Amino acid sequence: MEHNFNLVTNDQHHLEIGGLDTVELVQKYQTPLVVYDVSKIKQQIAGFKTVFEQNDVDYEISYASKAFSCLGIYQLMQKENLHLDVVSGGELFTAQQAGFDLSKVSFHGNNKSLAEIETAVEAGVGIIVLDNFDEIDLLSNYLADTHQQANVLMRITPGISAHTHNYIQTGQEDSKFGFDLNSGQAEKALKIILANPDLIMKGFHSHIGSQIFEVNGFEMAAEKLVDLAHDWYRKYDYQPEVINVGGGFGIAYTNEDKPLAPEVFVDAIIKKIKEKTTEYGLQMPAIWIEPGRSIVGPAGYNLYTVGSRKEVPGKDAYVSVDGGMGDNIRPALYQAEYEAVVANKMNQETVETVRVAGKYCESGDILIQQAALPKTQPGDVVAMLNTGAYGYSMASNYNRNLKPAVVFVENGQDKLAIKRQTYQDLIQLENQLY
Ligand SMILES: Cc1ncc(COP(=O)(O)O)c(C=O)c1O
Ligand SMILES: N[C@@H](CCCC[NH3+])C(=O)O
């Protein structure tokens, strides 16, 4: 099958990533192995920066680190001058340990604990994104008790249903995230925030969902936020310094997926915000985005070794690999589709479609339902493409399988970002009880 993913093949007909032979990477690090092509990450970031600069607006790109979080990726984002979105004490701790400038961190989440709020304030986190009334109370009480102030954004649920999988929609009215606009929750929250001098209200945040292919949901959300700014300026003399439109820019997982380039979405959002603020005579806010998937997704590859094969009369065979839902739960969870190549047989024609099965004890642990591949043998290396977002970050130790190693590659150099777990790691937190 022809792949549109600009795959590079070397003289030995092996897949190459970042100038390195994947078969050699597998010999060095074993499988399952997650490989990130650092130059692809940088390219996407550069694409976002260019579109902001062409439009001549104040902006920040905040990497939504739930897509893939570890010390190395935080350090890379810092080198790229990005902001960071974290959603838990764990992501915050990791950013801190990576030496990330915490004044460039936004802290998200629909149920931040007091301990997390305390840690965030004490660590000097740049922005706390307020998600609900309980959280306003929790933060306000903590700030009053400790005589401090905090910068906040208010997460607004704009009432827009993005066309994506139900589990990853977030902008519709009935969402667990944010203050709902239509019921008046958002306005009530604004009044509470503005009345509290400890809460420095920087602006609005909205995020309509993930893996979105259409521009109009973003345009509608942007328009709603500026309409709101206009309304609240008249009523409360308040204008947002920042409008954060979240992430969610869709990527191609298969050849059938034809998303717009992520920066095309951003261009449309900027233009809409400019147009509406000019129309209303408002100050132009800084525009922040929070992409996760579009930055790391296309840069990631999961490499597996082929093991057993099972023929089923009249159906595609199962070709099992040494990983599965423990390192990529997306196919089982969202029926997500991926494509794969046989990394050591890049010159061979695809001759059959097979089901690429994981090794976990679940019938649903099928990584690809219809993979067009050359004939495989045990020991072949299967490379699943575009696995960089929400793969390793949602990994588990189900069946006590080990989480894979993660390697960053660039210009012919490989760097081990995360070691493979060991069996000893699995019992490290456990006590012998009997
Ligand atoms: C608040 C927020 N910002 C950003 C993101 C990143 O989304 P994506 O990885 O689709 O760009 C998410 C996840 O959907 C999110 O919930
Ligand atoms: N984990 C989801 C996206 C979650 C978005 C987080 N708000 C996915 O793999 O598509």
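Note that this is a predicted model, so its numbers are computed, not measured. (Residues numbered from 1 in each chain as written. Chains lettered and ligands numbered in written order. Predicted model: local features only at pLDDT ≥ 70, side-chain atom pairs only at ≥ 80, totals over all residues. Heavy atoms only, no water.)

Draft legend 1. Focus on the UniProt feature "active site" (unreviewed entry) in the protein. Within the UniProt annotation, "active site" (unreviewed entry) is assigned to Cys361. Looking at the secondary structure, you find cysteine 361 in the loop between strand 17 (352-357) and strand 18 (366-373). By relative accessible area, which is 63% here, cysteine 361 ends up exposed. Dropping the residues within four chain positions of it, cysteine 361 is found in contact with Tyr398 and Asn399. (UniProt positions renumbered as here; feature names shortened; annotations may be inferred. Helix = DSSP H or I, 4+ residues; strand = E, 2+ residues; numbered from the N terminus. Buried < 20%, exposed > 50% of the residue type's maximum accessible area, 1.4 Å probe, protein only. Contact = heavy atoms within 4.5 Å.)

Draft legend 2. Seen up close, the packing of helix 5 (residues 114-123) against helix 6 (residues 133-146). At their nearest, the axes of helix 5 and helix 6 sit 10 Å apart, and the two run at 50° to each other. By the angle between their axes, helix 5 is oblique relative to helix 6. In the packing of helix 5 onto helix 6, the handedness of the crossing is right-handed. On the side of helix 5, the interface is formed by Leu114, Ile117, Glu118, Val121 and Glu122, while helix 6 contributes Glu135, Leu138, Leu139, Tyr142 and Leu143. Of the residues that constitute the contact of helix 5 with helix 6, the class distribution is seven nonpolar, no polar and three charged. (Axes fitted to C-alpha atoms, helices over the stretch in contact; angles between N-to-C directions. Parallel < 35°, antiparallel > 145°, perpendicular 65-115°, else oblique. Left-handed = near helix turned anticlockwise from the far one by under 90°. Nonpolar A, V, L, I, M, F, W, Y, C, P; charged D, E, K, R; others polar.)

Draft legend 3. View of the site of ligand 2. Neighbouring ligand 2 are seven residues, the closest being Arg293, Arg330, Tyr334, Tyr390 and Met394. The side chain of arginine 293 places a nitrogen or oxygen atom 2.7 Å from an oxygen atom of ligand 2. Here a nitrogen atom of ligand 2 sits 2.8 Å away from a polar atom, N or O, in the side chain of tyrosine 334. Burial of ligand 2 by the surrounding chains reaches 85%, relative to a free accessible area of 310 Å². In the shell around ligand 2, the residues fall into four nonpolar, no polar and three charged. (Near = heavy atom within 4 Å. Polar contact = N/O pair within 3.5 Å; in protein donor to acceptor, adjacent residues only side chain to side chain. Areas by Shrake-Rupley, 256 points an atom, 1.4 Å probe, with all protein chains shown as cover.)

Draft legend 4. Quick look at helix 5. Where helix 5 is concerned, the buried positions are Glu116, Ile117, Ala120 and Val121. Looking down the long axis of helix 5, one finds its buried residues gathered within 125° of arc, a one-sided arrangement. Those residues of helix 5 hidden inside the fold are in contact with helix 4 (89-97), strand 7 (105-107), strand 8 (127-130) and helix 6. A positive backbone phi angle near 80° is found at glycine 124, which sits one or two residues after helix 5. (Arc of directions from axis to C-beta.)

Draft legend 5. Representation of the packing of aromatic side chains within the structure. A complete count under the given rule lists 14 aromatic pairs for this structure. An angle of 65° between the planes, with centres 5.7 Å apart, marks the rings of tyrosine 36 and phenylalanine 408 as edge-to-face. In this pair, tyrosine 36 is assigned in strand 4 (residues 33-37) and phenylalanine 408 in strand 20 (residues 405-410), connecting sequence segments 372 residues apart. Judged by its relative accessible area of 0%, tyrosine 36 is buried. What makes phenylalanine 408 buried here is its relative accessible area of 10%. Site record: aromatic cluster; members linked through ring pairs are Tyr36, Phe68, Tyr392 and Phe408. Cation over ring: lysine 112 sits above phenylalanine 107, and NZ or CZ is 6.0 Å from the ring centre. When the ring centre of tyrosine 318 is taken as reference, the NZ or CZ atom of arginine 355 above it lies at 4.0 Å. (Phe/Tyr/Trp six-rings, centres within 6.5 Å; stacked < 30°, edge-to-face > 60°. Lys NZ or Arg CZ within 6 Å of the ring centre and 35° of its normal.)

Draft legend 6. Highlighting the sheet that holds strand 2 (residues 15-17). With respect to topology, three strands assemble into an open sheet ordered 1-2-3, the strand pairing being antiparallel. Whereas interior strands pair on both sides, the edge strands pair on one side only; in this sheet they are strand 1 (8-9) and strand 3 (20-21). (Pairing = 2+ DSSP bridges.)

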